[in-house]
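Here is how the chains run, residue by residue.
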Amino acid sequence: MSNYIVISDDDYFDLEIIKNFQKLNLNNNIRCFIASTPNLSKIQSELKCDIFFWKDLNFKYKDKLSKIVHLDEIIYKKYYECEQIHNQMLDFINPDGNNFSNLEIRRNYRQTLEFCLSIIETYRPDYLIFTNIPHSYYTAVLYQICKIKKIPTIIIRETLPKIYIFEKVDHEINRSFFGSINNKKITIGERKKNIENFENQNLKNMFSSYRNHKLINSKVYNLKPFIFIYTLFYFERLFFLFFSIFKNIIKTFIYFMKKKFKTNFKINFQNPLSLADSLKISGKSLEKSNNTEFFIALKLFKQDIKKICYYHKYKNLCKQIISNEKYIYFPLHFQPEATTYPYGNFYVDQINAIKLLSEYSDDDTFIYVKEHPDTFNLSRFAWYRGMFSRDIQFYEEISKINKVKFIDLKYDSTNLIKKSILTSSITGTSALQAVLEGKHAIVFGDCWYKFCEGIYNVASKDDLRSYFENKKFSKNIDKNKVSFFFQYLNHYSFEGSKSGITNNDNFIDIAKKLNENVNEILSLK
């Protein structure tokens, strides 16, 4: 009998998969399901295991787990690598960048390390299933512990819109591979269209509620003088703040009336006075940083004001494109996001990658840097809202790098890729799009497509120097190898939507392939 733990990020989507998986494999015993929301009743009715809301378990693990690991210097040194990744992941809950003191960061890390080690010690899992890329501070630490303790993991990793893969990692032999699900063939043209639509944001019906690029697209907000535009924007967002407060008062009333009178009608929102996910509040511990909808509304108002200031700064740094100029296209990632946290590694700070490209590319080759439009997204339904990883110095530092040019957001990314000598990214799909356009691409992080023909994964500055000295970007790309990669990807992927954008009715098929993946990874032990 093999024991496993599930770390969920979308409880009901994941529950359907695990329910079906349990029916298929009676030799695997789920010991613990760590949920992303506090509403546990449905999960408790379906699964026979310990079930916790992650926040409750995180802060009260000493009361809930049977075995507690107490840290000492030997343990601390053994898991030293976990501290860096923990500190990076705090960006997700630290929108102003200054809400943690150094003491609070160290305290939170010690607690998180002890918490994660205690989970492993209590349940002694043979493997863990992460239903999303581990990119919160505790899931990233837990994943790193699995690497060090050589506990196999399975990650449901999103690749393209609605396309997921099972990424299995056998830390015992340091092997990473995908698991199968689809047998339907797909052409390169179909996948190319899928990526282009995603990059150019033409999937309006799919992502309309998640994106509001009015700041970029509105002619009004691109006029001069800035003081006039700033004032207009400020009062518009102030009005929206008052509207949000009024709406949240209504939601709070409805929530507590439903609770008081125990009515059966359903509501699709959390308790407005106690949200499941919390941003760190300066001067309070993370445990006591309870967020209300009113706090978030005020926080996002302040972040919106930052956005127009940063957008104005970015626009002023943009340069005109000169015809026939040689350049490397480097579209910036939106951050924080799982594509760079944790898969960017050292290059989670994108400036590190841009500096290397500038240093080792030819002297007559420029680096065209284009900001991600979601950085200036005003939607209140976006996955991450606010200026979590940008400041004025970020743009200024990049602008001072030799051969770098900021490019206005109005320029089409597909055309920039086509006219470049190559495209570079940390882990973004723009690099894969470049290959489909017959262009080479350099990636700096642990991207899921790094074995595709035409993709060059940089491990060191010596690799990059050799790449440019030998002009590898000028060689022809073997289209047959690219085609093989996409057939491989299609075979080892499945369609789904955790956001509810599309209907998901293939849980049985997904569970069958999860079962195949589990059997394969356990056979290697």
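Points about the overall build of the chain
Right, on to step 1. Within the chain one finds 19 helices and 14 strands.
Right, on to step 2. Counting over 525 residues, the chain shows a buried share of 54%.
Right, on to step 3. Restricting the contact set of the chain to residue pairs at least 6 apart, pairs at least 24 apart contribute 70%.
Right, on to step 4. Summed over all atoms, the accessible surface of the chain reaches about 25,100 Å², with 51% contributed by carbon and sulfur.

Side note on helix α1 (residues 11–24)
Right, on to step 1. Under the 1.5 Å per step criterion, the end-to-end length of α1 is 20 Å for 14 residues, consistent within 8% with the ideal 20 Å.
Right, on to step 2. Considered for burial, the residues of α1 that qualify are Asp11, Phe13, Asp14, Leu15, Ile17, Ile18, Lys19, Asn20 and Phe21.
Right, on to step 3. Elements in contact with the buried residues of α1: β1 (2–7), β2 (28–35), α2 (41–46), β4 (127–130), β5 (153–158) and α19 (507–523).

Re the nonpolar core
Right, on to step 1. Ranked by size, the top nonpolar core spans 76 residues in total, and within it Ile18, Phe33, Leu47, Tyr137, Ile145 and Leu514 carry the most contacts.
Right, on to step 2. Leaving out residues up to four positions away in the same chain, Ile18 has contacts with Tyr4, Val6, Ile30, Phe33, Leu47, Ile129 and Leu514.
Right, on to step 3. Within the second largest apolar cluster, 47 residues are counted, among which are Tyr347, Val369, Leu409 and Phe444.

What about a nonpolar patch on the surface?
Right, on to step 1. A grouping of Val220, Leu223, Ile227, Phe228 and Leu232 is seen on the molecular surface, where their side chains present a nonpolar patch of about 470 Å² in accessible area.
Right, on to step 2. Locating Val220 in the fold gives a position in the loop between α10 (214–217) and α11 (226–261).
Right, on to step 3. Here Val220 falls in the partly exposed class, since its relative accessible area comes to 36%.

A few points about the pairing of strand β8 (residues 327–331)
Right, on to step 1. Of all five residues in β8, five are buried; the element is thus mostly enclosed.
Right, on to step 2. What you see with β8 is no split at all: Tyr327, Tyr329 and Pro331 on one side and Ile328 and Phe330 on the other are buried throughout.
Right, on to step 3. By the bridge criterion, five bridges tie β8 to strand β9 (residues 366–370) in an arrangement that is parallel. Residue Phe330 lies in a different strand from β9, and its bridge partner there is Val369.
Right, on to step 4. Note on the crossover from β8 through helix α13 (residues 350–360) to β9: the handedness is right-handed.
Right, on to step 5. Strand direction decides the pairing type here: β8 and strand β11 (residues 422–425), joined by two bridges, are parallel. By the bridge assignment, Tyr329 is partnered in β11 with Thr423.

A few points about the packing of aromatic side chains
Right, on to step 1. Across all of its chains, the model carries 34 aromatic pairs by this definition.
Right, on to step 2. Aromatic side chains Phe130 and Tyr143 sit 6.0 Å apart centroid to centroid with 80 degrees between the ring planes, which places their arrangement in the edge-to-face category. Of the two residues, Phe130 sits in strand β4 while Tyr143 sits in helix α7 (residues 137–149), which places them 13 residues apart along the sequence.
Right, on to step 3. Among the residues examined, Phe130 registers a relative accessible area of 1% and is labelled buried.
Right, on to step 4. Tyr143 gets classed as buried once you look at its relative accessible area, which sits at 15%.
Right, on to step 5. Just above the ring of Tyr343 sits the side chain of Arg157; from NZ or CZ to the centre is 3.7 Å.
Right, on to step 6. The cationic tip of Arg237 hangs over the ring face of Phe240; the distance from NZ or CZ to the ring centre is 4.7 Å.

Quick notes on the sheet that holds strand β13 (residues 455–457)
Right, on to step 1. Pairing within the open sheet is parallel, and its six strands lie in the order β10-β9-β8-β11-β12-β13. Two strands bound the open sheet, and with one partner strand each, they are β10 (404–406) and β13. Here the average twist between neighbouring strands, direction ignored, is 25 degrees.
Right, on to step 2. Note that β9 and β10 share three bridges and pair parallel. From the neighbouring strand, Ile367 faces β10, where its bridge partner is Val404.

Examining the environment of Ser389
Right, on to step 1. You can see Ser389 is positioned in the loop between β9 and α14 (392–399).
Right, on to step 2. Between the C-alpha atoms of Ser389 and Thr375, which are 14 residues apart in sequence, the distance is 9.2 Å.
Right, on to step 3. Ignoring any residue separated from it by four or fewer positions in sequence, one finds Ser389 in contact with Gln335, Pro336 and Tyr341.

Parameters at a glance
- Residues numbered from 1 in each chain as written.
- Predicted model: local features only at pLDDT ≥ 70, side-chain atom pairs only at ≥ 80, totals over all residues.
- Heavy atoms only, no water.
- Helix = DSSP H or I, 4+ residues; strand = E, 2+ residues; numbered from the N terminus.
- Buried < 20%, exposed > 50% of the residue type's maximum accessible area, 1.4 Å probe, protein only.
- Contact = heavy atoms within 4.5 Å.
- Areas by Shrake-Rupley, 256 points an atom, 1.4 Å probe, with all protein chains shown as cover.
- Expected span 1.5 Å × (residues − 1).
- Core = buried A, V, L, I, M, F, W, Y, C linked by side-chain atoms within 4.5 Å.
- Patch = residues over 30% accessible without salt bridge, like charges linked within 9 Å, V, L, I, M, F, W, Y side chains within 5 Å.
- Salt bridge = Lys/Arg side-chain N within 4 Å of Asp/Glu carboxyl O.
- Pairing = 2+ DSSP bridges.
- Right-handed = clockwise from strand over helix to strand, strands pointing away.
- Phe/Tyr/Trp six-rings, centres within 6.5 Å; stacked < 30°, edge-to-face > 60°.
- Lys NZ or Arg CZ within 6 Å of the ring centre and 35° of its normal.
- Axes fitted to C-alpha atoms, helices over the stretch in contact; angles between N-to-C directions.

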